[in-house]
Amino acid sequence: MSYDWTAAIERARAHAPFLAHGLDKLPALELLLRAGDGAGALAWAKAAGADAGDVGRALRREKLALAVALAVGDLAGAFPLLTVTGELSAFADRALDAAIAEAIHRRVPDAPSQGFLALALGKHGAQELNYSSDIDPILLYDPQTLPRRERDEPGEAAQRVARTLMELMSHKTEDGYVFRVDLRLRPASEVSPLAIPIDAALSHYESSALAWERAAFIRARACAGDVAAGEQFLAWIRPFVWRKSLDFGAIAEIGRLTQRIRANHSGPARPGPGFNLKQGRGGIREVEFFAQTHQLIHGGRHPSIRLRGTRASLDALAEAGLIDPADAVLLGESYDRLRQVEHRLQMVADQQTHSLPDDPAALDNVARLDGLPDGAALVAELETITEAVGLRYDRLIAQHAGEGDTAVTVVARGGEALEAELARLGFADPADLSQRISGWRDGKLRALRSEAARAAYDAIQLPLLTALAKAPEPDRALLRWEQLLANLPSAVNLFRLLEARPALLELLARILSLAPPLADALARRADLLDPLIDASAFDLPGSVAELAAEFASGEVDGDYQHMLDHVRRKVSERRFALGVQLIEGARDPMEIGQALSRVAEAALDVLARAATAEFERAHGKVPGGQLMVMGYGRLGGGVLTHASDLDLVFLFTGDHAADSDGARPLGATLYFNRLAQRVIAALSVPTAEGALYEVDTRLRPSGEQGPIAVSLDSFERYQRESAWTWEHMALARSRVLFGPGAGRARLEGIVRQVLTMPRDAEKLRADVHEMRSTMARHKPARGALDVKLARGGLVDIEFITHYLQLRDHQGLNPSMGAAVAQLAEAGLLPGDVQAAHGMLGRFLIAARLLAPDAQEPPPAARAVLAKACQCGDWDALTSALAESRAAVARAWAATFGETLEI
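Residues numbered from 1 in each chain as written. Predicted model: local features only at pLDDT ≥ 70, side-chain atom pairs only at ≥ 80, totals over all residues. Heavy atoms only, no water.

*Asks:* I tried to follow the overall build of the protein chain on my own but got confused; where do I start?
*Replies:* Counting secondary structure elements, the protein chain contains 41 helices and 9 strands. If you line up the protein chain on its principal axes, its C-alpha atoms span 110 × 75 × 60 Å. Burial analysis of the protein chain (902 residues in total) assigns 57% to the buried set. For the protein chain, restricting intrachain contacts to residue pairs at least 6 apart in sequence, the fraction spanning at least 24 positions comes to 72%. Carbon and sulfur atoms make up 50% of the accessible area of the protein chain, which totals about 36,500 Å². Across the protein chain, 100 positive and 118 negative side-chain charges occur, with their mean positions spaced 2 Å apart. (Helix = DSSP H or I, 4+ residues; strand = E, 2+ residues; numbered from the N terminus. Buried < 20%, exposed > 50% of the residue type's maximum accessible area, 1.4 Å probe, protein only. Contact = heavy atoms within 4.5 Å. Areas by Shrake-Rupley, 256 points an atom, 1.4 Å probe, with all protein chains shown as cover. Lys, Arg positive; Asp, Glu negative; His and termini not counted. Charge placed at Lys NZ, Arg CZ, Asp CG, Glu CD.)

Written out as structure tokens, the structure reads:
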């Protein structure tokens, strides 16, 4: 593509005195530009100060040459916006770095440039500086490593460096200035020194920073001086910037900031003479705030949107499905054009201005510098841009503003008004409830002790009470809400989420009313509601491999503890969302059970790999040996409930007599037993993010008396020579879940051979019958709805199935549903047992949430259970359960000659 460099130079000379002056001073640069050598012009500009003799003069000469080269390339259309802003930002980095080094060397010659750093914020941090930007660094220092004279205190030495830096950068000389430096973004700028100790800054951001400071640090970057120390500091404060839970309070903060900016903005509200491109409605700042607000809300959960550049952030938000892709394109293109016009304003006289000139002739001049015929054409274009931007930004803020006014009024009217409101909503005892609610706000609940928490709660009180009143069991739901508040140390983010997404209120009320385990989970982690704002939360999770990739991704910095926490968060969110799908009737319970199993398998895969890598750092590897994990029971069968534990057996390949090759070597047996214990701990030990799974290893060879992990050879020998019948029954419902391909193939072969061993049919029958009788005596049904342990229930189906599998070597599938189907197809089981297994299995999965105590639940939960089991009502469901158990009892009698009492 050809660019008209000559026309660009002529426009610069005719309409921009600052650029004309620069071209006059730099004739060699003008020759390169007239020749269309943009790359050569930039290279010449960067070397313009090479022979200046001192740092300050060198930087000023480079600044002028770079500004002229970039401006002409911009006017010619040869340099896109990101090239211009990127080059200016890179120069700011170089300038700050040179100034820091010079400031240190003036006091301590030949000292390394360490212990002092600059963090770039705002447009500088985003690498989006404009022609006449201030820069707003935060200057930090490390008292232990900052070079200083022996008699200097670290703080005094740091302030000397900061003052020298300010002089080198901002003092205006005959060569101009480098950058205006504004240090007011530092912590407590009204009272703090120019440079802050790193530890003091860290303490500030961890304990007392304000919301606008979080927004500022979205674009923060270690840019000069001791960059490594700066990057470490930013890593330390990452949790301050990127909250793990959705932070809809960010919208309220940004909204208030927008209102203050608009209220204090005295210029025209629409484009025209005097209109401010940065602060005006639909201007530059509103595009930036649009992106940053979404980043603050969602960035803790979506690392992919943690970008500094405005265009890049908008694109990433669209890619993540968090904003409309069309809005991302419109806002991005509008931003580029607004920034381009802003640059034209600043090219004229190198002034930090964002406003269109008041004088019509001056406005025409800016338009002609841009290549437009006059100011009217420029204003018309800007009207279209700012209206489109303003509409989208207003919509973002308006969605979350003023939704709690009625609720606040109800609270303000006092106890009688609240009591009347509760009576109108239909609560059973409004007087007592009114007193309880007033007690929440009087400091009885930790989550409502702060003014911010009470204000956030007031905003949702009436819609919350309305949703609870509409819940299937209102009083039950309200009691659980009260328990939830009592357990939460802080609930501000929960209140703001519910204010921002009112549709969640009814869903929350249903959860509290119907599913005690989900209510308990929320009481431990209220942010489990966060993913439900996305419709994809009601999709079934993908494959084990896809889930493992999801669990392994994210910012854990290679830290083992962070990985444990990360997986616990992800698994909890997935399990909670699946529970909500179940109670909402969105999925067949069998699909939910299969998905729960995939989630557990993925967690096992990720944590076993992480635990192995951590273990190998200390103990190395056992040559030829690798850990293997088998899943038994419901995990082996691939269908879990929300109450399932994980039945695991650990094995290892290779020579049991070998030693590991690490710094602290271990024999193979000890090595893999300790590694297995690490994996168990990774899966089961509570961390700051809570617990994950209960792990049961009692199905291993020799049970509780045996080692946690055994070699494949030992496992095979035990199964062939020493295992009891019940252990082979358990083996029929096992799967290899973790381990190398060759080891898997061998282990699957061992299992197949053991299950197809010749057996004495009568002895097998007697063994199975005796085991079930003993189990019935020692582990009876917990309640009327315990379809697992009750006679004619799921355990009886399992015993019949395992007996037939071992006797006839048919239906050897770890999935109980598949095994029953195959046995029925082979004529070994009546067809009604297959239907009974489906009915009882669905009921068990749903009842673990809706009737966890196996007792008859309240009417609303009964209705959900009936729907989950594809029955019209509760009576139809109880009849179907009775018929299913009767079918199982008939099969039991036919198989074992015993009539069951059901």
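*Asks:* Hey, could you run me through the state of the cysteines in this one?
*Replies:* Throughout this description, disulfide means a covalent bond between two cysteine sulfur atoms. In this structure the tally under the stated criterion is 0 disulfides. Counting only cysteine sulfurs, Cys871 is the nearest neighbor of Cys869, a cysteine outside any disulfide, at a range of 6.0 Å. What makes Cys869 buried here is its relative accessible area of 3%. Cys871 sits in the buried class, given a relative accessible area of 15%. (Disulfide = S-S within 2.5 Å.)

*Asks:* I'm lost on the nonpolar core in this one. Help?
*Replies:* One recurring pattern in soluble globular proteins: nonpolar side chains tend to sit buried together. The biggest cluster of nonpolar side chains holds 176 residues, and the ones touching the most others in it are Trp481, Leu529, Phe576, Phe650 and Leu877. When residues of this core are assigned to their parent elements, the largest contribution, 15 residues, is made by helix 30 (residues 589-619). Apart from residues no more than four positions distant in its own chain, Trp481 is found in contact with Trp440, Tyr457, Leu464, Leu468, Leu494, Phe495, Leu498, Leu508 and Leu512. The next biggest cluster of nonpolar side chains, apart from the first, holds 99 residues, and it includes Trp5, Val108, Ile305 and Leu356. (Core = buried A, V, L, I, M, F, W, Y, C linked by side-chain atoms within 4.5 Å.)

*Asks:* What is the right way to look at the packing of aromatic side chains in this model?
*Replies:* Each aromatic ring pair is described using two quantities: the centre-to-centre distance and the angle formed by the ring planes. Tallying each qualifying case throughout the model produces 13 aromatic pairs. Consider the rings of Trp5 and Phe79, whose centres lie 5.9 Å apart with planes at 80 degrees: the pair is edge-to-face. Taken together, the residues span a long stretch of sequence, with Trp5 in helix 1 (residues 5-15) and Phe79 in the loop between helix 5 (55-76) and helix 6 (81-107) at a distance of 74 residues. Across the pair, Phe79 and Trp5 agree in class, each one buried. With centroids separated by 5.5 Å and ring planes inclined at 40 degrees, the aromatic side chains of Tyr205 and Phe240 adopt a geometry described as tilted. (Phe/Tyr/Trp six-rings, centres within 6.5 Å; stacked < 30°, edge-to-face > 60°.)

*Asks:* Looking at this structure, how should I read unusual backbone geometry?
*Replies:* In most cases, non-glycine residues show a negative phi, while peptide bonds are predominantly trans. Non-glycine residue Ser702 carries a positive phi angle of around 70 degrees. Secondary-structure assignment places Ser702 in the loop between strand 7 (695-696) and strand 8 (709-711). Accessibility expressed as a relative area gives 39% for Ser702, which makes it partly exposed. Of note in this structure, His809 is not a glycine but carries a positive phi near 55 degrees.

*Asks:* Help me out: how do you make sense of the sheet that holds strand 3 (residues 195-197) in this one?
*Replies:* Strand-to-strand pairing in sheets goes through backbone hydrogen bonds, with the strands running parallel or antiparallel. In spatial order, the strands read 3-2-1-4; together these 4 strands make up an open sheet with mixed pairing. Strands with a single pairing partner mark the edges of an open sheet, and in this sheet they are strand 3 and strand 4 (221-225). Recorded for the sheet is a direction-independent mean angle of 35 degrees between the axes of neighbouring strands. With 4 bridges joining them, strand 1 (residues 116-120) and strand 2 (residues 138-141) adopt antiparallel strand pairing. Bridge pairing links Phe116 to Tyr141 in strand 2. Packed onto the sheet, helix 6 meets strand 1 and strand 4 and runs at close to 40 degrees relative to strand 4. Along the sheet, helix 11 (residues 227-236) contacts strand 1, strand 2 and strand 4; its crossing angle with strand 4, the most-contacted strand, is approximately 155 degrees. (Pairing = 2+ DSSP bridges. Axes fitted to C-alpha atoms, helices over the stretch in contact; angles between N-to-C directions.)

*Asks:* Quick question: what am I supposed to make of helix 16 (residues 325-349) here?
*Replies:* The periodicity of an α-helix, 3.6 residues per turn, causes residues three or four places apart in sequence to face the same way. Across its 25 residues, helix 16 extends 38 Å between first and last C-alpha, which sits within 8% of the 36 Å expected from 1.5 Å per residue. In this structure Asp324 caps helix 16, since a side-chain oxygen of it lies 2.8 Å from the backbone nitrogen of Ala326. The positive-phi residue at the C-terminal boundary of helix 16 is Asp350, with phi of around 55 degrees. (Expected span 1.5 Å × (residues − 1). Polar contact = N/O pair within 3.5 Å; in protein donor to acceptor, adjacent residues only side chain to side chain.)

*Asks:* Got a minute to help me understand the environment of Val191 in this structure?
*Replies:* Here Val191 shows up in the loop between helix 8 (154-170) and strand 3. C-alpha separation for the pair Val191 and Glu614, spaced 423 residues apart in sequence, amounts to 46 Å.

*Asks:* Is there a simple way to explain the pairing of strand 1 in this structure?
*Replies:* Within strand 1, 5 of the 5 residues are buried, which leaves the element mostly enclosed by the surrounding structure. Burial along strand 1 is two-sided: Phe116, Ala118 and Ala120 facing one way and Leu117 and Leu119 facing the other are all buried. Bridge analysis of strand 1 against strand 4 gives 4 bridges, and the strand direction is antiparallel. By the bridge assignment, Leu119 is partnered in strand 4 with Ala222.

*Asks:* Any chance you could explain the pairing of strand 5 (residues 627-632) here in plain terms?
*Replies:* A regular strand carries its side chains on alternate faces of the sheet. Buried residues dominate strand 5, accounting for 6 of its 6 residues. The alternating pattern of strand 5 places Leu627, Val629 and Gly631 and Met628, Met630 and Tyr632 on opposite faces, both of which are buried. As defined by bridge partners, strand 5 adjoins strand 6 (residues 646-652) across 6 bridges and the pair is classed as antiparallel. Residue pairing in the sheet places Tyr632 in a bridge with Asp647 of strand 6. Pairing analysis gives 3 bridges linking strand 5 to strand 9 (residues 735-738), with the strands arranged antiparallel. When the sheet's bridge partners are listed, Val629 is paired in strand 9 with Phe738.

*Asks:* Would you explain the packing of helix 16 against helix 18 (residues 375-398) in this entry?
*Replies:* In a packed pair of helices, the relevant descriptors are the angle between the two axes and the axis-to-axis distance. It is the contact of helix 16 with helix 18, at a shortest axis distance of 10 Å, that shows an interaxial angle of 135 degrees. Considering the angle they form, helix 16 stands oblique to helix 18. The chirality of how helix 16 crosses helix 18 is left-handed. In this structure, helix 16 contributes Asp327, Leu330, Leu331, Ser334, Arg337, Leu338 and Val341 to the contact, and helix 18 contributes Leu378, Glu381, Leu382, Ile385, Thr386, Ala388, Val389, Arg392 and Arg395. Of the residues assigned to the contact of helix 16 with helix 18, the class counts are 9 nonpolar, 2 polar and 5 charged. (Parallel < 35°, antiparallel > 145°, perpendicular 65-115°, else oblique. Left-handed = near helix turned anticlockwise from the far one by under 90°. Nonpolar A, V, L, I, M, F, W, Y, C, P; charged D, E, K, R; others polar.)

*Asks:* What am I meant to see in the pattern of salt bridges here?
*Replies:* On inspection of all chains with the given rule, the structure shows 53 salt bridges. The closest approach of N and O atoms between Glu584 and Arg510, which form a salt bridge, is 2.6 Å. Of this pair, Glu584 sits in the loop between helix 29 (560-583) and helix 30 while Arg510 sits in helix 26 (residues 503-514); the two residues are 74 residues apart in sequence, bridging distant segments of the chain. A relative accessible area of 27% means that Arg510 is categorised as partly exposed. Residues joined in a network through salt bridges with shared partners are Glu10, Arg13, Asp24, Glu30 and Arg34. (Salt bridge = Lys/Arg side-chain N within 4 Å of Asp/Glu carboxyl O.)

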